Amino acid sequence: MSPGTLSPLSNVKALAFDVFGTVVDWRSSVVEELVVRAFRKLSTNLPEHLRSRLATISEEDWEKFAQQWRDTYSSFCKNFNPEVDAWRTVDEHHHDSLVNLLNEWGLEGLYTPTEVKSLSLVWHRLSPWPDSPDGLQQLSARMVTTTLSNGNLALLRDLRDYSSLRFRRLLSAEMFGAYKPSQAVYGGAVSELGLEPHEVAMVAAHLKDLKAARGCGLRTIYVERKQEEEWSPDDDNYKEAREWVDLWISEGEDGFVELARRI
């Protein structure tokens, strides 16, 4: 940006944050819970076929399990059609997809229905990235900060409290009857905030999310997070994003703390 040029973020009054992967480190939290629960089960009176199966599953396997679980969430949100599909919350999806995955992995019956329900709610107990609490606190002192997540409101409230995340507002796709990348979510958030699209910046670790937000007139802030970006640096979409993202914070630049310094 040349001297005297107005920053594309100069009129931004609110920051809308994607949550899973951007604010919280879902992968580490989910894998840890899967590993701990499986270890505890080995000390109980399990049927032999389940004990044998469980003994073959390594931590690396649980990482794959967690990624598959996450992938079902992404597919669910992408394919949800509000015009024909009955509304289902992310909590409901996480429960049902967990049941299916346990069956696919030969672990049917490992957990009681109550235990499955509890495990499915691990997404309410995700640890933040190290820079998230301090960075959000600094940002929230200066402007409106809000979630803009596909996670349902109950989930977002729990995450906020569990990880001490100082958002000033909580906005969920649930409020707009659709899931990102639907325009209804981004447009609904702008209306809920009482602002114009260019006065809201979407903050995410996923360029697809930012591209959809940009298509609705929002400004864009990319915060790189480990293992979160779907597009390869060699992908043309990634290279093009370098040209249209308004602020790009690379991995290793201290995330939201750096965002608070630069915005």
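Please read all numbers here as calculations on a predicted model, not as lab measurements.

Chemist: Please provide a residue-by-residue account of the sheet that holds strand β4 (residues 200–204), values included.
Modeler: The strand order β3-β2-β1-β4-β5-β6 describes an open sheet built from six strands, whose pairing is parallel. What marks the edges here is a single partner per strand, and that holds for β3 (169–172) and β6 (247–249). Within the sheet, the average angular offset between the axes of one strand and its neighbour, ignoring direction, is 20 degrees. By the bridge criterion, four bridges tie strand β2 (residues 144–149) to β3 in an arrangement that is parallel. Residue Thr147 lies in a different strand from β3, and its bridge partner there is Leu170. Across the sheet, helix α7 (residues 153–162) lies against β2 and β3, angled at about 145 degrees from β3, the strand it touches most.

Chemist: Summarise the packing of aromatic side chains; cite the residues concerned and give the values.
Modeler: Tallied over the entire structure, the rule returns 16 aromatic pairs. With 5.4 Å between their ring centres and 90 degrees between their planes, Phe20 and Tyr73 make a pair best called edge-to-face. Taken together, the positions of Phe20 in the loop between β1 (14–17) and α1 (26–41) and Tyr73 in helix α3 (residues 59–79) put the pair 53 residues apart, joining distant regions of the chain. Like Phe20, the residue Tyr73 is buried in the burial classification. Note on Phe80 and Trp87: the rings are 5.2 Å apart at their centroids and 85 degrees apart in plane angle, and the pair reads as edge-to-face. We classify Trp87 as partly exposed; its relative accessible area is 31%. Feature note: the residues Phe20, Trp26, Trp69, Tyr73 and Trp123 constitute an aromatic cluster, connected by ring pairs. The ring of Trp248 carries the charged tip of Arg242 above its face, separated from the ring centre by 3.8 Å.

Chemist: An account of unusual backbone geometry is needed here, citing residue identities and associated values.
Modeler: Residue Pro181 is reached from Lys180 by a cis peptide bond, and omega for that bond is 15 degrees. Locating Pro181 in the fold gives a position in the loop between β3 and α8 (183–193). Phi at Gln227 takes a positive value of approximately 65 degrees, unusual for a residue other than glycine. With respect to the helices and strands, Gln227 occurs in the loop between β5 (219–223) and α10 (236–244).

What counts, and where the lines are drawn
Residues numbered from 1 in each chain as written. Predicted model: local features only at pLDDT ≥ 70, side-chain atom pairs only at ≥ 80, totals over all residues. Heavy atoms only, no water. Pairing = 2+ DSSP bridges. Helix = DSSP H or I, 4+ residues; strand = E, 2+ residues; numbered from the N terminus. Axes fitted to C-alpha atoms, helices over the stretch in contact; angles between N-to-C directions. Contact = heavy atoms within 4.5 Å. Phe/Tyr/Trp six-rings, centres within 6.5 Å; stacked < 30°, edge-to-face > 60°. Buried < 20%, exposed > 50% of the residue type's maximum accessible area, 1.4 Å probe, protein only. Lys NZ or Arg CZ within 6 Å of the ring centre and 35° of its normal.

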